[in-house]
Structure formats: structure tokens, C-alpha cells
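Breakdown of the fold
Single-letter residue listing:
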Amino acid sequence: MAERAALEELVKLQGERVRGLKQQKASSELIEEEVGKLLKLKAQLGPDESKQKFVLKTPKDFDIAGNFDPMIPDAECLKIMCEILSSLQIGDFLVKVNDRRILDGMFAICGVSDSKFRTICSSVDKLDKVSWEEVKNEMVGEKGLAPEVADRIGDYVQQHGGVSLVEQLLQDPKLSQNKQALEGLGDLKLLFEYLTLFGIDDKISFDLSLARGLDYYTGVIYEAVLLQTPAQAGEEPLGVGSVAAGGRYDGLVGMFDPKGRKVPCVGLSIGVERIFSIVEQRLEALEEKVRTTETQVLVASAQKKLLEERLKLVSELWDAGIKAELLYKKNPKLLNQLQYCEEAGIPLVAIIGEQELKDGVIKLRSVTSREEVNVRREDLVEEIKRRTGQPLCIC
């Protein structure tokens, strides 16, 4: 028990160190090294038998002999990634794919020692940000790699393309002799077949420089980047890096299985903060406000003592499926209500006043144009739906 307690304390301290390095924005190499130490400590710790056991579930068609096609879920993940990025309308994008087995095999045939695999991997991963000469200088000058080894790596990692590149490398006299690389290339060829069937192969590029820093990836890796376009007037060039990424990590989850079973895993993540920064920048360049609400219309009053009328109207709009709201003050000033709409990006204001109540109309105001029209109360729902693009009621 004392030994386990000591290990748990080491895991806790190492976890704090990793979090601290991330907060300090330390180098990816240092973070990767410390994450590796943390994973090793967790592996030594093993499961806590005193705690409630959990069962790791695998796909129904998966068996222990591995008789399943891992490229199907990998292709599905890439399809999902493309659908999400397309729906966000943040610009043209490209998904770069590679395989950690190809990288490891490539480093091996180029003459990189096992102890330098990961540190050289992190250098190669910088090729999307700096030139090959800078990457080579780092590998040779800072990491002690022989220049001729770096040159051999350069011959490979500067290549990118589609399935034709995969087929070309399958015929490479050196790479095709490495078991790991051959397995990775075979899977990538199959992956491209599925991507073609899914209709997204034109969005995918096989990029030998893609490395992904985390050490737990075991197979296919991928990363989505926005394609740079000439900046519009008033718009800064975008430099946010990847907006989505993922890969296969078959050995990670099994570390926490008491029986050490292999659990196939693949996943992806979307860079929400980076995407928000892109959207905000483009809206600022277009001088458009970011909408902070889905509300389509604010129910407002022009005079005091009309709270009940506002509540009646907002209820009618809710019942008709209109996204409406009102300010909670009993007697808000009309100017404050209009300013709230401008700040929140609410496009329409339905204004109730004493004269409108007498005439049986609602004054509908466009927040952007400030144009106002009187609409008969019974026609208000249809008019709001027409202006907001909602389906009209066919009665």
C-alpha cells in the first residue's frame, strides 16, 4: 500500500508539472517528454483494485484477433471533420494525413537512432511553419543528427499528394522493406479508397511532414488547416494553425484495463477557440457584430405600464415558434430596449404603444435599417417568419 501511495503522489506531481508547462507555453518537445513520463508512471501504477471496476466496451464486430477494418472508422472521422468544417463556412480547408508507422519506418531507414525518433519527429512537425533549411539546421545543430541523415529525411518529408504518392512509396526500394512503413502505407491506400467513396478525397492530402507531437498515436494521424487566401481590406492574414486534428491511438485506453486488453480507438477534436478567433476577425473586418443570441425579435414597449401587453405578445410569438424575448424591467425606456437589440444582434423589434393597441397593430422595426412599419397583429407572426426566413404557415 505504501508503494502505491508513493506512486500516486508521483503521478499527481507529474500531472501538475505537465499542466504547468502547458500554462507556461513551454516547448512542445519538453511537454511531450513530460507527458511520456506521466504515462509511464500511470502504467506502473496500474488499476486500483479497491475502486469499482469498469468494463471497456469495444465495437460489436471487433474480436481479440483484430478481425476488423480500422480504416472504416478512420474514414468516418475524416468525413465528420469535413462536414463540420464545411458547415462552419470559415473558408477552404485541407486535411493532411499521415501514419506514425510510416514516420517511424522512414526514420529507421534514414538512419535515425531509436532514442532520437521523437525529438526528430517534433522537428519535422514544424515544416508547415518554417522552411526545410531551418528544420534541418535544428536537427543537425541542436539535436546532433548527422547532415546526411537529415538530407535523407528531407527527401521524404517534403513530399505530399494523394493516393498516387502512397502507391509510389509502396514501390520505394527502401521504405517498402520496412515492416512498419509497409503496414502504414497499406492502410493509407485503403483509407483513400474509402475517402473516395465518401466523396471527400479532394479535401485530403497525404503529407509526410505531418507528425503530431503526442506519443500515444499508433496509426493514422490527421490535421485540418485553413487554406490561406489573400487578405481582404482591413483583414489581418490568418495564422491560427490547425483547426481540427486527431488520429488512432490503439494502445492508450488499454493501459487502464486490468487485463491489459487492446482497445481500438480513433478520434478527433475541433479547435473551437481558434475557429472563434477566425469568425470574430472576419466579422470585424466586415464591420459586422457577433450575434450573442438566437433571438429573432424583441418585444418592446413605447410607454410605461405596458408590461402585461408585452407578456401577452411574447407568449403569442413563443406559441407560434418565434424566438422572442423581452426585457425584465417593468417600464424600460424604449431607447434602452433598442440599444440592447443592437448590442445582442437581434434583427427585429416588435413595439407596443398605446396608439398601436387602439389601432390593433404592432410596429415592427428593423434594427439595422431602422425602418418601421405597422403590421396588423394577426399578421405579425407571418411577417416575422417572412423576414427571418422561417417556413410560412399554409392554412
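Residues numbered from 1 in each chain as written. Predicted model: local features only at pLDDT ≥ 70, side-chain atom pairs only at ≥ 80, totals over all residues. Heavy atoms only, no water.

Selection rule: UniProt positions are given in the numbering used here, feature names are shortened, and annotations may be inferred rather than shown by experiment.
As recorded in an unreviewed UniProt entry, the protein goes by the name Histidine--tRNA ligase, cytoplasmic, listed as coming from Mandrillus leucophaeus. Per UniProt, the protein carries the Sequence similarities (unreviewed entry) text "Belongs to the class-II aminoacyl-tRNA synthetase family." Under the Subunit (unreviewed entry) heading, UniProt states for the protein: "Homodimer."

As for the packing of helix α5 (residues 117-124) against helix α6 (residues 132-142)
Any two packed helices are characterised by how steeply their axes cross, that is the angle between the axes, and by the distance between the axes. What counts, and what does not: Geometry is summarised by axes, namely lines fitted to C-alpha atoms with helices restricted to the contacting stretch, and by angles between N-to-C directions that run from 0 to 180 degrees. Comment: elements are numbered from the N terminus, with helices defined as DSSP H or I runs of at least four residues and strands as E runs of at least two. Any angle that falls under 35 degrees is termed roughly parallel, while one over 145 is termed roughly antiparallel, one within 65 to 115 roughly perpendicular, and all others oblique. Crossings are classed by handedness, with left-handed meaning an anticlockwise turn of the near helix from the far one by less than a right angle and right-handed meaning a clockwise turn. In this description, contact between two residues means that some pair of their heavy atoms is separated by no more than 4.5 Å. Residue type decides the class: Asp, Glu, Lys and Arg count as charged, Ala, Val, Leu, Ile, Met, Phe, Trp, Tyr, Cys and Pro as nonpolar, and the leftover types, Gly among them, as polar.
Two numbers describe how α5 lies on α6: the axes approach to 9 Å, and their chain directions differ by 160°. The orientation of α5 relative to α6 falls into the category roughly antiparallel. The crossing of α5 and α6 is right-handed. On α6, the residues touching Ile120, Ser123 and Val124 of α5 are Val135, Glu138 and Met139. In the contact of α5 with α6, the residues fall into 4 nonpolar, 1 polar and 1 charged.

Focus: the environment of Leu39
Mapped onto the elements of the fold, Leu39 is located in helix α2 (residues 28-45). Along the backbone, Leu39 and Met255 are 216 residues apart, and their C-alpha atoms lie at a distance of 9.0 Å. Apart from residues no more than four positions distant in its own chain, Leu39 is found in contact with Leu252 and Met255.

Some details on the packing of aromatic side chains
The following threshold applies: A pair of aromatic rings is counted whenever rings of Phe, Tyr or Trp (Trp by its six-membered ring) have centres within 6.5 Å, and the orientation is called stacked for planes under 30 degrees apart, edge-to-face for over 60 and tilted otherwise. Sitting over a ring, as applied to charges here, requires NZ of Lys or CZ of Arg to be within 6 Å of the ring centre and within 35 degrees of the ring normal.
Enumeration according to the criterion identifies 3 aromatic pairs in this entry. On the basis of an interplanar angle of 70° and a centroid distance of 5.8 Å, the ring pair of Tyr216 and Tyr249 is categorised as edge-to-face. Within this pair, whereas Tyr216 is found in the loop between β3 (204-207) and β4 (220-226), its partner Tyr249 is found in the loop between β5 (242-248) and β6 (266-270), the two being separated by 33 residues in sequence. Each residue in the set Tyr216, Tyr217 and Tyr249 is aromatic and connected to the rest through ring pairs, giving one cluster. Above the ring of Phe93, the side-chain terminus of Lys203 is found at 4.6 Å from the ring centroid.

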